[in-house]
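Okay, here's what each chain looks like letter by letter:
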Amino acid sequence: MLHDCADAQAYVASVCFKHGPPRLIGVELEWLVQRTTVPDAPVDLATLTAALGPHAPTTLDPASPARPLPAGSTITVEPGGQAELASPPFADLGQLLDAVRSDGAELLGRLAAHGVLPHPRAADPVRPPRRLLQLPRYRAMEESFDRTGPYGRSAMCSTAAVQVCVDTGEGAAVARRWAAVHAVGPVLLAAFANSPVLHGRRTGWKSSRWAAWLACDPARTAPPPLRDTDPDVDPAPAWARRVLHTPLLCGRGEGSRWPVPRGLTFADWLDGALPTRPTTADLDYHVSTLFPPVRAHGFLEIRYVDAQAGDGWALPTAVLAAVLSDDAAVDRVLEVCAPARGRWVSGARHGLDDRVLARAAAAVFALAADRLPGLGAPAWVRDALADMIESRVLRGRCPADDPAPGDRGAVVTPHLEPAIPEGELA
């Protein structure tokens, strides 16, 4: 049982920022999926369940054994039917990349056998948002996001990401790693932006996915202010304050509909706003309902990269591993990305057309290419990174600049405007 805000802040700081040598890395991959015969129709859950077989999550089939894939990854399904693969953590980057490539091929092969293919974009360019999973959590998320506007449904049901998970580190290195993953965030968001079209519209953003998430609930999804990512300041207290002062998404219950309070923060709950007292389990759950670019919950979950076509997911994974590989790499990232700090909106809107981000990207990707051989990255990843540097990064291009199915015929009607202007992110 939690007694007061001080008690809760101490708990968040100790649990969300677990100290230890930074050894492990994992990745979560999401794919928007579509039927080969009717690409503008939603994929029905029965087809997904049959395709995934014994690997189907219990959210699809309560009787499923939910077995891991051969290399250890597990499968989940997101609210709009997006397929998600979550790797186990690995101490070796090469083993992680090869394992996820193998498990990804197994997952996508199962889907293809049932007439389901992944879309190469990170936002659905054709279909309107439609929630397929009728779970209480997702019903509550939809109700909560609907109070802000239409973007929550798009973010939940029509977007996909590459999420890289790394250890927080130990001692003074924690603050510098936290600062580094935020400093490089706008750069990688821009370099891997892959969602210029959403629901048949060219939105005016290279990453419509990120714009939708930012717009749907800024208190829950916005980046932290720059003062909270200072490399010389312990990030745990600021993160704990954010957790406690973010409104509750929902209250968990036994039925199919969970209550969705208005404007009630976890701190309010601690102060007696609800008849029951919150527990540490309630606080853990509340943390899981925050969706900023980087979420701390025992490790750092880096959430700002758009889903990539084919094996493109391996590149942001490898780049992040490289730039966090040792203290010298972290220091270099903080140096070259200093002019780009806080340029989240510009990165999502303009990609590498933003010259500040383009200059930082050239240095970041050069550092990654230099470090990857020493991390055991396989040749296919090193070659793909070299090609990306030559064909995109040094030319100021990102995946959103390349044509893809569904882009043709999209109407140019910009309609996404996050509630937080660029200047307020500082």
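First, a word on what this report is: a plain description of the structure on this page.

Reading the values: rules and limits
- Residues numbered from 1 in each chain as written.
- Predicted model: local features only at pLDDT ≥ 70, side-chain atom pairs only at ≥ 80, totals over all residues.
- Heavy atoms only, no water.
- Helix = DSSP H or I, 4+ residues; strand = E, 2+ residues; numbered from the N terminus.
- Rg over C-alpha atoms; globule rule 2.2 N^0.38 Å.
- Buried < 20%, exposed > 50% of the residue type's maximum accessible area, 1.4 Å probe, protein only.
- Contact = heavy atoms within 4.5 Å.
- Areas by Shrake-Rupley, 256 points an atom, 1.4 Å probe, with all protein chains shown as cover.
- Lys, Arg positive; Asp, Glu negative; His and termini not counted.
- Charge placed at Lys NZ, Arg CZ, Asp CG, Glu CD.
- Pairing = 2+ DSSP bridges.
- Phe/Tyr/Trp six-rings, centres within 6.5 Å; stacked < 30°, edge-to-face > 60°.

## Observations regarding the overall build of the chain
Right, so step 1: When you go through the chain residue by residue, the secondary structure sums to 17 helices and 11 strands.
Right, so step 2: Its C-alpha atoms give the chain a radius of gyration of 20 Å, within 12% of the compact-globule value 22 Å for 426 residues.
Right, so step 3: Here the chain holds 426 residues, and 55% of them are scored as buried.
Right, so step 4: Sequence-distant contacts, at least 24 apart, represent 76% of the contacts inside the chain between residues at least 6 apart.
Right, so step 5: For the chain, the exposed area adds up to about 16600 Å²; of that, 53% sits on carbon and sulfur atoms.
Right, so step 6: Each charge class in the chain was averaged separately, 42 positive and 48 negative side chains, and the resulting centres sit 5 Å apart.

## A few points about the pairing of strand β10 (residues 300-306)
Right, so step 1: By the criterion of burial, β10 is predominantly enclosed, with 7 of the 7 residues buried.
Right, so step 2: Relative to β10, strand β6 (residues 161-166) is paired through 5 bridges, and the arrangement is antiparallel. Bridge pairing links Val-164 to Ile-302 in β10.
Right, so step 3: The hairpin turn running from strand β9 (residues 294-296) into β10, its antiparallel successor, is 3 residues long, and Gly-298 in that turn takes a positive phi close to 95 degrees.

## Digging into the environment of Ala-273
Right, so step 1: Mapping Ala-273 onto the fold places it in the loop between α11 (266-270) and α12 (280-287).
Right, so step 2: Of the residues examined, Ala-273 reaches a relative accessible area of 44% and is grouped as partly exposed.
Right, so step 3: Contacts of Ala-273, omitting those with residues within four sequence positions, involve Leu-264 and Asp-268.

## Structural notes on the packing of aromatic side chains
Right, so step 1: Applying the stated criterion to the full structure yields 10 aromatic pairs.
Right, so step 2: A ring pair is formed by Phe-17 and Trp-178, whose centres lie 5.3 Å apart and whose planes are at 70 degrees; its orientation type is edge-to-face. With Phe-17 in the loop between α1 (5-16) and β1 (25-31) and Trp-178 in helix α6 (residues 173-183), this residue pair connects regions lying 161 residues apart in the sequence. A single burial state applies to Phe-17 and to Trp-178, both of which are buried.
Right, so step 3: With centroids separated by 5.4 Å and ring planes inclined at 50 degrees, the aromatic side chains of Trp-213 and Phe-291 adopt a geometry described as tilted. Of this pair, Trp-213 sits in helix α8 (residues 208-216) while Phe-291 sits in the loop between α12 and β9, and the two are 78 residues apart along the sequence.

## Notes on α6
Right, so step 1: Of all the 11 residues making up α6, 9 are buried; the element is thus mostly covered by neighbouring parts of the structure.
Right, so step 2: Inspection of α6 places Val-174, Ala-175, Arg-177, Trp-178, Ala-179, Ala-180, Val-181, His-182 and Ala-183 among the buried residues, and these make up the whole buried set.

## Section: the pairing of β1
Side-chain positions along a regular strand alternate between the two faces of the sheet.
Right, so step 1: Counting buried positions over the 7 residues of β1 gives 7, a clear majority of the element.
Right, so step 2: Burial along β1 is two-sided: the face carrying Ile-25, Val-27, Leu-29 and Trp-31 and the face carrying Gly-26, Glu-28 and Glu-30 are both buried.
Right, so step 3: Looking at chain direction, β1 and β6 are connected through 5 bridges and run antiparallel. Its bridge partner lying in β6, Ile-25 is registered against Val-166.
Right, so step 4: Pairing of β1 with strand β4 (residues 83-86), which is carried by 4 bridges, proceeds in the antiparallel orientation.

## Digging into helix α14 (residues 327-336)
Right, so step 1: Along α14, the positions that sit buried rather than exposed are Ala-329, Val-330, Val-333, Leu-334 and Val-336.
Right, so step 2: Looking at the buried positions of α14, the neighbouring elements they touch are α6, α13 (314-323) and α16 (355-371).

## Things to note about the environment of Asp-146
Right, so step 1: Looking at where Asp-146 falls in the secondary structure, it is placed in helix α4 (residues 136-146).
Right, so step 2: Looking at Asp-146, the relative accessible area reads 33%, which means it is partly exposed.
Right, so step 3: For the pair formed by Asp-146 and Trp-213, sequence separation is 67 residues and the distance between their alpha carbons is 13 Å.

These values are about where atoms sit, not about what they do.
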